[in-house]
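One-letter residues, chain by chain:
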Amino acid sequence: MPELPEVEVTRRGVAPHLTGKTVSAVILRRAGLRWPFPVDLPQLLVGQQILTTGRRGKYLLLHFQHGTVLIHLGMSGHLRVLDRQVLPGKHDHIDIVIGDFALRMTDPRRFGAVLWHDHADGDLEEHILIRQLGVEPLEAGFTPELLYKQTRKRSTSIKQALLAGDIVVGVGNIYASESLFKAGINPKIQAGRISLARYTSLVAAIRETLAAAIEQGGSTLKDFIGVDGQSGYFQQSYFVYDRAGEACRVCGETVRQIRQGQRSSFYCAKCQK
Ligand SMILES: [Zn+2]
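These numbers come from a predicted model, not from an experiment.

Draft legend 1. Up close: the overall build of the chain. When helices and strands are counted, the chain shows seven helices and 10 strands. On C-alpha atoms alone, the chain measures out to a radius of gyration of 20 Å, which is about the 19 Å that the 2.2 N^0.38 rule sets for 273 residues. Based on the C-alpha atoms only, the size of the chain along its principal axes is roughly 60 × 40 × 30 Å. Among the 273 residues that make up the chain, the fraction classed as buried is 51%. The contacts of the chain with a sequence gap of at least 6 include a subset with a gap of at least 24, amounting to 66%. With the model as given, the accessible surface of the chain reaches about 12800 Å², and the carbon-plus-sulfur share is 50%. Taking the average location of the 34 positive side-chain charges in the chain and that of its 26 negative ones, the two points are 8 Å from each other.

Here it is as structure tokens:
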């Protein structure tokens, strides 16, 4: 599943091909994915300039003067910029055409989304899908104090508090497991009982883990959004994630796997207290 780093790497990859360009056509090859496509998307976009790109959580944003296109990659989606003449495959559902090129969305499992938010409907931050999102983990608003304050009354584990997405967005299962390892925090600890000092370590670990993933993704960017586009999401080497039964890279203890909510957590009981 694409996580925040993949979405950000995708945004950085496609942005130079889109920013300042005018949409010449929009091709919808089906009625929608997770939700219906806006039927008037071609009329809304053709002849209009993409001012900038952005990202909020896992939504990639294309900002126009009169509104914003929100793209979510769902479970299996990805975006490529390619020659518009390249014939679409079975899972290529939408093209936003810019001259000779197209921004093409592929999504075999069809849990993705392409939506339109019109400025006439108010601020994008008030959009029903955006307003419930927590702060961006790589922006200044994500502080140890915020995490500390927002967790005081939570009886859930720290792992589940991170995954919930209402305090901070984009810390999915992989990055939560890895960041908790780096901060030395056991994923089972109740979020409301963690000290400000430990949250200071955790915020630093989350920022570092996500930034490293984005940087690493940037180095595989060509494969990620290239015309052949078959390489899927980038693989990374992890400290604990998906390493149950293997030796901890720091202390040699066996990495454990437990279920929290509906998700697997991986941790080292010696390194994480
Ligand atoms: Zn260890």
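Draft legend 2. Local environment of a nonpolar patch on the surface. Taken together, Met-1, Met-75 and Phe-111 make up a surface patch of nonpolar side chains, about 270 Å² in accessible area. By the element assignment, Met-75 lies in the loop between strand E4 (67–72) and strand E5 (78–83). We classify Met-75 as partly exposed; its relative accessible area is 31%.

Draft legend 3. Quick look at the coordination of the zinc ion. Taken together, the protein donors to the zinc ion comprise Cys-248 (SG), Cys-251 (SG), Cys-268 (SG) and Cys-271 (SG), at separations of 2.3 to 2.4 Å. One can describe the site at the zinc ion as tetrahedral: its four donor atoms subtend angles covering 98 to 114° at the metal. Read N to C, the donor residues that coordinate the zinc ion are spaced as C-x2-C-x16-C-x2-C. Residue Cys-251 is found in the loop between helix H7 (221–225) and strand E9 (256–260), and its partner Cys-268 is found in the segment after strand E10 (263–267); the two are separated by 17 residues along the sequence.

Draft legend 4. Representation of unusual backbone geometry within the structure. The residue Arg-110 is not glycine, and still its phi comes out positive at about 60°. With respect to the helices, strands and loops of the structure, Arg-110 is situated in the loop between strand E7 (101–106) and strand E8 (113–118). Backbone geometry at Asp-242 places phi at a positive 65°, although glycine is not the residue there. Its place among the elements puts Asp-242 in the loop between H7 and E9. We classify Asp-242 as exposed; its relative accessible area is 55%.

Draft legend 5. Just the pairing of E7, in detail. For E7, a buried count of five out of six residues is recorded, marking the element as mostly surrounded by other parts of the structure. Both E5 and E7 contribute to a ladder of six bridges, which runs antiparallel. Its bridge partner being in E7, Val-81 is matched across the sheet by Leu-103. Relative to E7, strand E6 (residues 92–98) is paired through six bridges, and the arrangement is antiparallel.

Draft legend 6. Spatial organisation of empty space enclosed by the protein. Scanning the entire structure with this criterion turns up one cavity of 30 Å³ or more. The calculated volume of the largest cavity comes to roughly 40 Å³. Lining the largest cavity, in full, are Ile-71, Leu-79, Ile-94, Ile-96, Leu-103, Met-105 and Val-114. When contributions to the lining of the largest cavity are tallied by element, the ones reaching two or more residues are E6 and E7. For the lining of the largest cavity, a count of residues per class yields seven nonpolar, no polar and no charged.

Draft legend 7. Representation of helix H1 (residues 4–18). In this model, H1 (15 residues) spans 20 Å end to end at C-alpha, consistent with the 21 Å of a helix rising 1.5 Å per residue. Of all 15 residues in H1, 12 are buried; the element is thus mostly enclosed. Residues of H1 that are buried include every one of Leu-4, Pro-5, Glu-6, Val-7, Glu-8, Val-9, Thr-10, Arg-11, Gly-13, Val-14, Ala-15 and Leu-18, and no others. Remark: Gly-20 follows H1 within two positions and exhibits a positive phi of approximately 80°.

Draft legend 8. Examining the sheet that holds E5 more closely. Read across the open sheet, the four strands follow the order E1-E6-E7-E5; overall the sheet is antiparallel. Edge positions in the sheet fall to strand E1 (25–28) and E5, since each of these pairs with one other strand and no more. This sheet shows a mean twist of 20° between the axes of neighbouring strands, independent of strand direction. As paired elements, E1 and E6 share four bridges and run antiparallel to each other. Counted as the bridge partner of Ile-27 is Asp-95 from E6.

Conventions and cut-offs
Residues numbered from 1 in each chain as written. Predicted model: local features only at pLDDT ≥ 70, side-chain atom pairs only at ≥ 80, totals over all residues. Heavy atoms only, no water. Helix = DSSP H or I, 4+ residues; strand = E, 2+ residues; numbered from the N terminus. Rg over C-alpha atoms; globule rule 2.2 N^0.38 Å. Buried < 20%, exposed > 50% of the residue type's maximum accessible area, 1.4 Å probe, protein only. Contact = heavy atoms within 4.5 Å. Areas by Shrake-Rupley, 256 points an atom, 1.4 Å probe, with all protein chains shown as cover. Lys, Arg positive; Asp, Glu negative; His and termini not counted. Charge placed at Lys NZ, Arg CZ, Asp CG, Glu CD. Patch = residues over 30% accessible without salt bridge, like charges linked within 9 Å, V, L, I, M, F, W, Y side chains within 5 Å. Salt bridge = Lys/Arg side-chain N within 4 Å of Asp/Glu carboxyl O. Donors = N, O, S within 2.8 Å, 3.2 Å for Na, K, Ca; no water. Tetrahedral: all angles 85-135°; square planar, octahedral: opposite > 155°, others 65-115°. Pairing = 2+ DSSP bridges. 1 Å grid on protein atoms, 1.4 Å probe; cavity = no way out; pocket = protein on both sides within 12 Å on 5 of 7 lines; lining within 4 Å. Points joined across faces, edges and corners; volume = space filled by probe spheres on them. Nonpolar A, V, L, I, M, F, W, Y, C, P; charged D, E, K, R; others polar. Expected span 1.5 Å × (residues − 1). Axes fitted to C-alpha atoms, helices over the stretch in contact; angles between N-to-C directions.

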